[in-house]
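In case you want the letters, here they are:
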Amino acid sequence: MLGLDEAGLPLLGALAARRDGGALAVVAEDPAASWVAAARRLGARIVSLNRDDHDGLAALLRRRDGTALRSVTALGPAPSANIAAVEALRASLGGTAGRGPVRVLVRIDDPWQA
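Position numbers for residues count from 1 along each chain, tracking the sequence in the order it is written. Only residues with pLDDT of at least 70 are given local features in this predicted model, and only at 80 or more are side-chain atom pairs given and counted; all residues enter the totals for whole chains, interfaces and linings. The basis for the side-chain values is all heavy atoms of the structure; hydrogens and waters are excluded.

(A) The arrangement of the environment of L4 in detail. The secondary structure listing takes helices from DSSP runs of H or I that are at least 4 residues long and strands from runs of E that are at least 2 residues long, numbered from the N terminus. Checked against the element boundaries, L4 lands in the segment before helix 1 (9–18). Accessible area is worked out with a 1.4 Å probe on protein chains only. A residue is then buried under 20% of its type maximum, exposed over 50%, and partly exposed in between. Using a relative accessible area of 6% as the deciding quantity, one classes L4 as buried. Sequence separation between L4 and A39 is 35 residues; the distance between their C-alpha atoms is 9.2 Å. In what follows, residue pairs with any heavy atoms lying within 4.5 Å of each other are defined as contacts. When sequence neighbours within four positions are dropped, the list of residues in contact with L4 reads L9, L12, V26, W35, A39 and L75.

Set out below in structure tokens:
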């Protein structure tokens, strides 16, 4: 999950309740942010990394047999940055085989961009 803040905690709770045994990772540029403790209580693992470090994100998601990625959620306040992050992550992962289709959820507040 990228771009989480206080407003996104309810969504994190819903995703945590529905996960099927996989890890729930949240990328936090500031691991001391006010929402981090609440995210940990919901079962999320906090990864301290710049959300624009797409190669670093991809490295976290790669495994020997492909990718461990099942879904990506981009919730930052800038829709264009969210879309760019997902596209860059997809490009960084290249053709690595995964466990099937990857679900993508992107916050887009502007109806003209949706």
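From this point, things continue past the structure.
(B) Examining the layout of surface pockets more closely. Here a cavity means grid points, on a 1 Å grid over the protein atoms only, where a 1.4 Å probe fits yet cannot get out; a pocket means an open set of points with protein on both sides within 12 Å along at least five of seven lines; lining residues are those with an atom within 4 Å of a point. Grid points are joined across faces, edges and corners, and a volume is the space filled by probe spheres set on the points. The volume enclosed by the largest pocket comes to roughly 780 Å³. Around the largest pocket, the lining comprises 25 residues; the ones closest to its centre are A23, L24, A25, R70 and S71. Broken down by secondary-structure element, the contributors of at least two residues to the lining of the largest pocket are helix 1, strand 1 (25–28), strand 2 (45–48), helix 3 (54–61) and strand 5 (71–74). The residue inventory of the lining of the largest pocket, partitioned by class, reads 15 nonpolar, three polar and seven charged. Think of it as three bins: nonpolar holds Ala, Val, Leu, Ile, Met, Phe, Trp, Tyr, Cys and Pro, charged holds Asp, Glu, Lys and Arg, and polar takes everything else, Gly as well.

(C) Structural context of the pattern of salt bridges. Salt bridge, as applied in this entry: a Lys or Arg side-chain nitrogen positioned within 4 Å of an Asp or Glu carboxyl oxygen. Overall, the coordinates contain one salt bridge when judged by the stated rule. For R107, the salt bridge identified is with D109, shortest N-O distance 3.0 Å. Judged by relative accessible area, R107 falls into the partly exposed class, the value being 28%.

(D) Highlighting the side chain of T73. Looking at the secondary structure, you find T73 in strand 5. Discounting chain neighbours no more than four positions away, the residues touching T73 are M1, L2, L11, L15 and L105.

(E) Geometry of the nonpolar core. For the purposes of this section, nonpolar cores are sets of buried Ala, Val, Leu, Ile, Met, Phe, Trp, Tyr and Cys residues that join through side-chain atoms within 4.5 Å. Formed by 17 residues in total, the largest nonpolar core has its most connected members in L4, L12, V26, W35 and A39. Those elements that place two or more of their residues in this core are helix 1, strand 1 and helix 2 (36–41). If you tally residues by element for this core, the top one is helix 1, at four residues. Look past the residues within four positions of L12 in its chain and what remains in contact with it is M1, L4, L24, V26, A39, L42 and A44. Ranked by size, the runner-up nonpolar core spans 12 residues in total, among them V27, L69, V86 and L93.

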